[in-house]
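One-letter residues, chain by chain:
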Number of protein chains: 2
Amino acid sequence: MEYPSKLIEDAVNEVAKLPGIGRKTALRLVLHLVKENENRTTLLTDALRNLRSNIRFCRICHTISDSDECSICRSHRRDRSIVCVVEESQDMMAIENTSQYSGLYHVLGGVISPMNGVGPHELKIETLVGRIDKAAGEIKEVILALSPTMEGDTTAFYLNKKINHFPITISSIARGIPVGGDLEYADEVTLGRSITGRTLFN
Amino acid sequence: MEYPSKLIEDAVNEVAKLPGIGRKTALRLVLHLVKENENRTTLLTDALRNLRSNIRFCRICHTISDSDECSICRSHRRDRSIVCVVEESQDMMAIENTSQYSGLYHVLGGVISPMNGVGPHELKIETLVGRIDKAAGEIKEVILALSPTMEGDTTAFYLNKKINHFPITISSIARGIPVGGDLEYADEVTLGRSITGRTLFN
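Residues numbered from 1 in each chain as written. Chains lettered and ligands numbered in written order. Predicted model: local features only at pLDDT ≥ 70, side-chain atom pairs only at ≥ 80, totals over all residues.

A. Seen up close, the overall build of chain A. Of the regular secondary structure elements, chain A holds eight helices and six strands. Tracing chain A from N to C terminus, the helices and strands come up as α-α-α-β-β-α-β-α-β-α-β-α-β-α. Radius of gyration (C-alpha) of chain A: 22 Å, far over the 17 Å computed for a compact globule of 202 residues. The dimensions of chain A, computed from C-alpha atoms along their principal axes, are 65 × 45 × 35 Å. Here chain A holds 202 residues, and 28% of them are scored as buried. Counting contacts in chain A only where the partners sit at least 6 residues apart, residues at least 24 apart contribute 44% of the total. (Helix = DSSP H or I, 4+ residues; strand = E, 2+ residues; numbered from the N terminus. Rg over C-alpha atoms; globule rule 2.2 N^0.38 Å. Buried ≥ 20, exposed ≤ 12 C-beta atoms within 10 Å, placed from the backbone. Contact = placed C-beta atoms within 7 Å.)

As C-alpha cells, this is what we get:
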C-alpha cells in the first residue's frame, strides 16, 4: 500500500513491528492518533518511554518491577515456603489475579527451546537452584506452572532433575477440562490427563 | 487486573485507549517492548511523535500530507475533471491502491451524524462547493464514495443538494455483490441494489 505521507509510512512501519499488529491495523491506530489531540500522542509516547527506561527486574524472582525487589518478594504476608515457577511476568500476573495463591514466584524468562536458540543457560534456572539452596529448609514446595507444550514439558523435566535432590515437594499445575468447557469438545490428551489426574469428589 | 509495576500500569492505560486494543492486548504489547531492546521503543515513540507534530493537511483536498499541498493535488498527471469525495484519508488510500482512478479527491473528515454531534459545518463541505465554483467548468464529475450507512446516505443527500446546481455529473460508487462473494449469502439490500444497478454485459 502507498501512503500519502512519509511520516505516516514511518509510523506504520514501527507500529506494525508489534506482535499481532498488521499493517492495516497499524494504519488505523496511526490515523487515530492524527485525528486526536496532540496531547494524546505525547501521553502515550511518554508512558512507553518512561516504562522502557525506568523498568527494573526483581533481583530475587526476576519479575518486572518498579524497584530492585518486587512487592511480592518484599511482602511479609506471603507464604515463603512455596515458590511457583512461571515462564513470564504475565503468567505471574494471571495467577495473582485468581487470588488463589499466596506464595512466592520465580520467573524463568522463557522455556528451553533449541529451535529458537534458547538453552537452559538463557533462563533463570541457576538463580532458582540458588534460592532453594540458600533458603535451606524454608522452601517446602516448588510448583511448576509452565505451558503444556513440548518446550514447557522439556523445561519442567530439566528443572525437576536440577532440584529433586533438595528436600522439597515438586508439583505441577493441574491439567484438565477448563471450567465451563464441554467434555465432548475437549482434545484427547486433555481429556486423558483429566482422567488420570482425577481428584476426590469433596 | 493488578500490575506489578506502576510504569506498566501507566503504559497499559495509554495503549488501551487506542481503538480496538483491549487491556489484555495492551499488556502484551507493553511487555513485548520491555523484552525488546530499548532502541525499539525509541524508534516507535520517535516515529509517532514526529508524525503527530509534523503532519499537515492538504489545503485543497484536506487529506493528510507531508506539506500544505498533497502530491495528488500538485500532480499534472491526474485528471482534474473528476473529484472523488471520501470520508477519511484512509478511504482515499484504499481507492488509490486499486489503481483504477486517476482523478482528484476531496476528504470530508467524516459524515453528518447528529447522534455524534457532527453537523454539515464540522465537515469540509463549504470548501468542496468552493472548489467546484472556482474551477468553473474544469470539474465535470463528482463521485460520492461514502459509506453505505444511514449517515453516509444523509451526507450524500446533503452534498447533492449543495452542488446539483453546478453543470456537473454527480455519481455514486456502485453497490453490489463483492467480487468473490456468494449470491446466496448476500444481504437483501445489497442483492436488491445489485439488481437495480445492473450493468450491461460487455
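Further notes follow.
B. A look at the pairing of strand β6 (residues 169–172) of chain B. Residues and elements named next belong to chain B. Here four bridges tie strand β5 (residues 141–144) to β6, and the two strands are oriented parallel to one another. In the strand pairing of β6, Glu141 is matched with Thr169. Taken together, β5, helix α7 (residues 150–163) and β6 constitute a β-α-β crossover, and its handedness is right-handed. (Pairing = 2+ DSSP bridges. Right-handed = clockwise from strand over helix to strand, strands pointing away.)

C. How the structure looks around the sheet that holds β5(B). Residues and elements named next belong to chain B. Taken together, the four strands give an open sheet; going across it, the order is β4-β3-β5-β6, and neighbouring strands pair in parallel fashion. Either end of the sheet is taken by a strand with one partner, and the two such strands are β4 (103–107) and β6. Looking at each pair of strands side by side, their axes are set apart by 25° on average, direction ignored. Inspection of the sheet shows strand β3 (residues 79–86) paired to β5 by four bridges, in the parallel sense. Bridge assignment links Val85 to a residue of β5, and that residue is Leu144. Helix α5 (residues 89–98) contacts β3 and β4 of the sheet and is inclined by roughly 130° relative to β3. (Axes fitted to C-alpha atoms, helices over the stretch in contact; angles between N-to-C directions.)

D. Up close: the sheet that holds strand β3 (residues 79–86) of chain A. All names here are of chain A. In spatial order, the strands read β4-β3-β5-β6; together these four strands make up an open sheet with parallel pairing. Of all strands in the sheet, those with a lone pairing partner are β4 (103–107) and β6 (169–172), marking the two edges. Averaged over all pairs of adjacent strands, the angle between strand axes in this sheet comes to 25°, irrespective of strand direction.

E. Quick look at the relation of the copies chain A and chain B. Rotating chain A by 180° and translating it 0.0 Å along the rotation axis places it on chain B, where the RMSD comes to 0.0 Å. The relationship between the two copies is best expressed as a two-fold rotation axis. It is Thr45(A) whose C-alpha, among those of chain A, lies nearest the rotation axis, at 2.5 Å. By residue overlap, the copies meet face to face through one surface: 100% of the interface positions of chain A are interface positions in chain B. (Least-squares fit on C-alpha atoms with pLDDT ≥ 70 in both.)

F. A look at the interface of chain A and chain B. In this assembly, 47 residues from chain A lie in contact with 47 residues from chain B. Of all elements in the fold, only α1 (6–15), α2 (23–35), α3 (38–54), β2 (64–65) and α5 (89–98) of chain A reach the threshold of two or more residues within the side of chain A that touches chain B. Ranked by residue count, the leading element in the side of chain A that touches chain B is α3(A), at 13 residues.

G. Summary view of the pairing of β4(B). Residues and elements named next belong to chain B. The element β4 is largely enclosed, with a buried count of four among its five residues. In terms of strand pairing, β3 meets β4 through five bridges, oriented parallel. From the neighbouring strand, Val83 faces β4, where its bridge partner is Leu104. As a crossover connection, the stretch from β3 through α5 into β4 is right-handed.

H. Broad picture of the nonpolar core. Ala11(A), Val30(A), Ala11(B), Val30(B), Val85(B) and Tyr105(B) are the most contacted members of the largest nonpolar core, which has 63 residues in total. In this structure Val85(B) touches His106(B), Leu108(B), Leu128(B), Val142(B), Ile143(B), Leu144(B), Ala145(B) and Leu159(B), once residues within four positions along its chain are discounted. Of all hydrophobic cores here, the second largest spans 27 residues; its members include Ile72(A), Val86(A), Leu128(A) and Leu144(A). (Core = buried A, V, L, I, M, F, W, Y, C linked by C-beta atoms within 7 Å.)

I. Region of interest: the domain arrangement of chain A. Structurally, chain A comprises domain 1 (6–54) and domain 2 (78–182 + 188–195). Computed from C-alpha coordinates alone, the two centres of domain 1 of chain A and domain 2 of chain A are separated by 35 Å. (Domains from an automatic or database assignment.)

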